[in-house]
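Fold and contact review
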Amino acid sequence: MSPAPAAAVEYSTLVLGNQLGQGGQGTVYQVTNKKINKTAGGGWDVAYKEYSPPVLPELDAGALAAQVDLPGTLSAEDGAWLCDHTAWPAAVVRRNGRPCGLLMRLIPARFQFTFKSLTGTGTAVRKPANLEYLLNPDAYVAGIGLSVSERDRVLLLADLATTLDRLHGMGIAVGDLSPRNLLFSTAPEPGCFLIDCDAMRLRGGTALPQAETPDWQLPGGEEKATCAGDVYKFALLAVRLFARDQTATDPVALSTLGPPLADLARASLHRDPAQRPSPATWAEQLTAATPTASAAPVAPAVPAASTTGRPGRPGPPRNPAPAGPVNMPPGKVAALVLAFVVVLVVVLGALAESSDGPSTTSSRSSAQPGVSASPSDGWSDEPYEPPSDDPLAPEETEETEEQKESEEPESPSASPDLVADAEVGSCFYDEGTDTTVDLREAECTTGAFEVVDLHHGTTDLDSCDDVENSDRSISSPRNDLVMCLSFLSADGDAYHADQGDCVYGRKAGAWDTQACETGNFKVLAVYNGSDTSKCDDWPRYNYWKKIDGPPDADRDVLLCLSMNYPDDIGYAEMDQCLLQRGSGDSTTHTNTGSCSTSNIVVSGRTPHYGAAAFCRDNGWTTWQNPSFPDLAYTVCFRWK
């Protein structure tokens, strides 16, 4: 049944549980003392989304209330369907009489899955089944614990097309239709579940300014959050779902299902919104293609060993290389077998004679090998080479027992065991090279690595993956522990900034993470290295900052940044419609995504502060951060 229209809920009445997620708009928590839709088997569990302070001035409380009231205005069947297929806003939450967030349905259990590490060593955890996981090669999808067939993919798309058709019939446009906002399940039957519904557009109104996920934008200048825009993004999703690729755009990927679907994708990607077909047409064609699609799930690949890298970096999951048969001449096979036997004998002999010294490995980045430690001071990852049978190689001479004893290294117990004695807060310099590790105790100052966590009872390098600000992990089999290290950059703690954080500093000098506010920068993307061209395609990108990392590897960090202007006019383009409200210093400009709900049109723009004369007889507004004068603006506008 459809839930009755929900009255506002006071924040003080909520009992919050675990934090479930955090994004650009706010933070989501579990609510432990409330249920919604109590007629449905005792009710559904609830989540609370609290808007971040910078978002609240942009919130249209009336539009949010209209979303909350929508199910009660629909037929019982439509209301029940909406609440069963989406995390639709169920109540407005108020603090001190003002809206501060909303209640919504917690993600149903069937739209979660048990995520497995590709290495086979990590602990399996439950995660939301974002459709983004399926935009990767089959080996990756199966390796993380998902069982998905070609037919499942067709049926998931058919279900989503039907969902869009029904939402559009209710006056709802999704807008930011991307795999991050879509969850899926294949049992008991393939289906999708939509989240972040407060960002959708209902009958022309929008509670929040419309935004788009990078790589999922509409063609330039097209109005956001329309039914035609949803079809465009649906076509992108269809192409990428069958291309197993995060950014593919060629409809040929759908040709395996038949030419009609590839042609439908081309029509849906037309730059003219009026030329695009409807979601109902997609649903019909996908249903027709279902019988010919294979129902056999792809078998998981054998997990491969991997090293850990710095967590929190954007981009699709790393995909394992496809496995396949390798043909070799019999002679080469025999030679490889003989070489392996020689190596095995030598290694086993060495192990039998070695002391019980520390054996430490380090993971620097995804592109670098693990580093093994020998009982000596030098830690090296150079591969073992068996003795040469080259007749020109230097002849080995036998040593006397006295020579051997005099050259034996000191027992490891004679010097401190840095790993065993380490504590959280200890610091080290790494005086090794790009392929070796050589730790030395140090003060916790720039250039050092600080221990941010210790994991006892394991040697799994991946155990540092979820440790905040962990850049390097070192394991010690002797001590049965893993040490998680964080680099202290001379350029400030912005070295550990992640996508969505805000940072600030002088053009030359240290940069630090800060609360997001007007005048500082939002991090759009984080990359290793210094190739600033990677920033060029990010929407609203206008500045980059490189933060120095450890000197022994390419671990410098490049931040692609966007200046936090006072409001949407800071990034407004020529002929863009905006809604101007207030007066004087309290004037705001909001991009509603529609000219029909706006009252001004941008008529000019210059990157100079206070250039009123540039606007002539038009209205104008200007702003600058004196430390970054190149990012100033004067924007001209005329009333509609």
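Heads up: these notes are all about the structure in this document. Every chain's residues receive numbers from 1 upward, in the order its sequence appears when written. Per-residue local features are limited, in this predicted model, to residues with pLDDT of at least 70; the limit for side-chain atom pairs, both in listing and counting, is 80 or more; totals at the level of whole chains, interfaces and linings are taken over all residues. Note that the side-chain values use all heavy atoms of the structure and ignore hydrogens as well as water.

Let us now look at the packing of aromatic side chains. Within 6.5 Å between ring centres, the rings of Phe, Tyr and Trp (the latter by its six-membered ring) count as paired, and their orientation is classed by plane angle as stacked under 30 degrees, edge-to-face over 60, tilted in between. Enumeration over the complete set of coordinates arrives at 22 aromatic pairs. For the pair Tyr565 and Trp623, a centre-to-centre distance of 5.4 Å together with 85° between the ring planes defines the contact as edge-to-face. In this pair, Tyr565 is assigned in the loop between strand S24 (557–563) and strand S25 (577–581) and Trp623 in strand S28 (residues 619–623), connecting sequence segments 58 residues apart. Neither Tyr565 nor Trp623 differs from the other in exposure class; each is buried. Grouped by ring-pair contacts, the aromatic residues Tyr504, Trp511, Phe521, Tyr543 and Phe628 constitute a single cluster. Against the face of Tyr11 rests Arg95, its NZ or CZ located 4.0 Å from the ring centre. Note on criteria: charge over ring means Lys NZ or Arg CZ within 6 Å of the ring centre, with the direction from the centre no more than 35 degrees off the ring normal. Geometry around Phe115 places Lys127 over its ring, the cationic atom sitting 4.1 Å from the centre. In this description a helix means any DSSP run of H or I spanning at least four residues, a strand means any run of E spanning at least two, and both kinds are numbered starting from the N terminus. Each residue is placed in one exposure class: buried if its accessible area under a 1.4 Å probe, protein chains only, is under 20% of its type's maximum, exposed if it is over 50%, and partly exposed if it falls in between.

Moving on to the sheet that holds strand S12 (residues 201–202). Strands sit in the order S9-S12-S13 across an open sheet of three strands; the sheet is antiparallel. Taken across any chain shown, the strands that pair with only one partner, and hence form the sheet edges, are strand S9 (172–173) and strand S13 (205–206). DSSP bridges decide pairing: two strands pair if at least two such bridges lie between them. Relative to S12, S9 runs antiparallel, the two sharing two bridges. Following the sheet pairing, Ala173 is matched in S12 by Arg201.

Our next topic: the side chain of Thr592. In this fold, Thr592 is placed in the loop between strand S26 (588–590) and strand S27 (600–606). Reaching out from Thr592, the side chain makes a polar contact with the side chain of Thr597 at a distance of 2.6 Å. Any pair of N or O atoms that falls within 3.5 Å is considered a polar contact. Within protein, one atom must be able to donate a hydrogen and the other to accept it, and sequence-neighbouring residues count only if both atoms are side-chain atoms. A distance of 3.3 Å separates a polar atom in the side chain of Thr592 from a polar atom in the side chain of Ser598.

A few words now on the nonpolar core. Counting 62 residues, the largest nonpolar core has Leu82, Leu134, Leu146, Ile172, Phe234, Leu254 and Trp282 as the members making the most contacts within it. In terms of residues, this core owes the most to one element, helix H5 (residues 227–243), which gives 10 residues. If we skip the residues at most four places from it in the chain, Trp282 touches Ala161, Val231, Phe234, Ala235, Ala238, Leu254, Leu261, Leu264, Ala265, Ser268 and Pro277. In these notes, a set of buried Ala, Val, Leu, Ile, Met, Phe, Trp, Tyr and Cys residues joined through side-chain atoms within 4.5 Å is what counts as a nonpolar core. Judged by nonpolar contacts, the second largest core, of 39 residues, contains Leu454, Ala497, Leu631 and Phe637. We call two residues contacting when some pair of their heavy atoms lies within 4.5 Å.

With that out of the way, let us pick up a negative patch on the surface. Side chains of Asp215, Asp531, Asp536 and Asp537 sit close together on the surface and give a patch of like negative charge. Tracing the backbone through its elements, the reader meets Asp536 in the loop between strand S22 (521–528) and strand S23 (543–547). Each patch is built from salt-bridge-free residues with over 30% relative accessible area, joining like charges within 9 Å and nonpolar side chains (Val, Leu, Ile, Met, Phe, Trp, Tyr) within 5 Å. Here the Shrake-Rupley method, with its probe set to 1.4 Å, supplies the accessible areas, and only the displayed protein chains count as covering residues. Put simply, a salt bridge is a Lys or Arg side-chain nitrogen that is within 4 Å of an Asp or Glu carboxyl oxygen. Here the positive residues are Lys and Arg and the negative ones are Asp and Glu; neither His nor the chain ends is included. Taken as the charge centre is NZ of Lys, CZ of Arg, CG of Asp or CD of Glu, depending on the residue.

The next thing to look at is H5. In this model H5 runs 24 Å from its N-terminal to its C-terminal C-alpha over 17 residues, within 8% of the 24 Å that 1.5 Å per residue would give. Counting buried positions along H5 yields 14 of 17 residues, so the element is predominantly enclosed. Once H5 ends, the next one or two residues include Arg244, with phi positive near 55°. For a helix, the expected span equals 1.5 Å multiplied by the number of residues minus one.

Let's shift gears to the environment of Pro128. Summarising the element assignment, Pro128 is placed in strand S8 (residues 125–128). Overall, the relative accessible area of 34% leaves Pro128 in the partly exposed class. With 13 residues separating them along the chain, Pro128 and Phe115 place their C-alpha atoms 9.2 Å apart. Beyond its immediate stretch of four places on either side in the chain, Pro128 contacts Ile107, Phe111, Gln112, Phe113, Tyr133 and Leu183.

We now examine helix H7 (residues 279–289). Inspection of H7 places Pro279, Trp282, Ala283, Leu286 and Ala289 among the buried residues, and these make up the whole buried set. One side of H7 holds all its buried residues, which, seen down the axis, span an arc of 130°. Among the exposed residues of H7, those oriented more than 90 degrees off its buried face are Glu284, Thr287 and Ala288. Residues of H7 that are buried in the fold lie against helix H4 (150–169), H5 and helix H6 (259–268). Along the arc lie the directions from the helix axis toward the C-beta atoms.

Moving on, we get to the pattern of salt bridges. Evaluated as defined, the whole model comprises 16 salt bridges. A salt bridge links Arg105 to Asp84; the nearest nitrogen and oxygen atoms lie 3.4 Å apart. Of this pair, Arg105 sits in strand S6 (residues 98–105) while Asp84 sits in helix H2 (residues 76–85), and the two are 21 residues apart along the sequence. According to the relative accessible area criterion, Asp84 is partly exposed, its value standing at 40%. Glu150 is the salt-bridge partner of Arg244, the closest N and O atoms lying 2.8 Å from each other.

On to the pairing of strand S18 (residues 472–476). Counting buried positions over the five residues of S18 gives five, a clear majority of the element. The alternating pattern of S18 places Arg472, Ile474 and Ser476 and Ser473 and Ser475 on opposite faces, both of which are buried. Hairpin connection of S18 to strand S19 (residues 481–487): four residues between the antiparallel strands, including Asp480 at a positive phi of 55°.

This paragraph deals with the sheet that holds strand S21 (residues 511–514). Spatially, the five strands line up as an open sheet ordered S21-S20-S22-S24-S23, and their pairing is antiparallel. The open sheet terminates on both sides in strands that have one partner only, identified here as S21 and S23. Each adjacent strand pair in this sheet contributes to an overall mean axis angle of 45°, direction not counted. Geometry is summarised by axes, namely lines fitted to C-alpha atoms with helices restricted to the contacting stretch, and by angles between N-to-C directions that run from 0 to 180 degrees.

We now examine unusual backbone geometry. Of the consecutive residues Ala187 and Pro188, the connecting peptide bond is found in the cis state with omega at 0°. Structurally, Pro188 can be placed in the loop between strand S10 (182–185) and strand S11 (191–194). Positive phi outside glycine occurs at Arg244, with the angle close to 55°. With respect to the secondary-structure elements, Arg244 resides in the loop between H5 and H6. For Arg616, which is not glycine, the phi torsion reads 55° and is therefore positive. Position of Arg616 relative to the elements: it lies in the loop between S27 and S28.

Remember that the coordinates give geometry; whether it matters functionally is a separate question.
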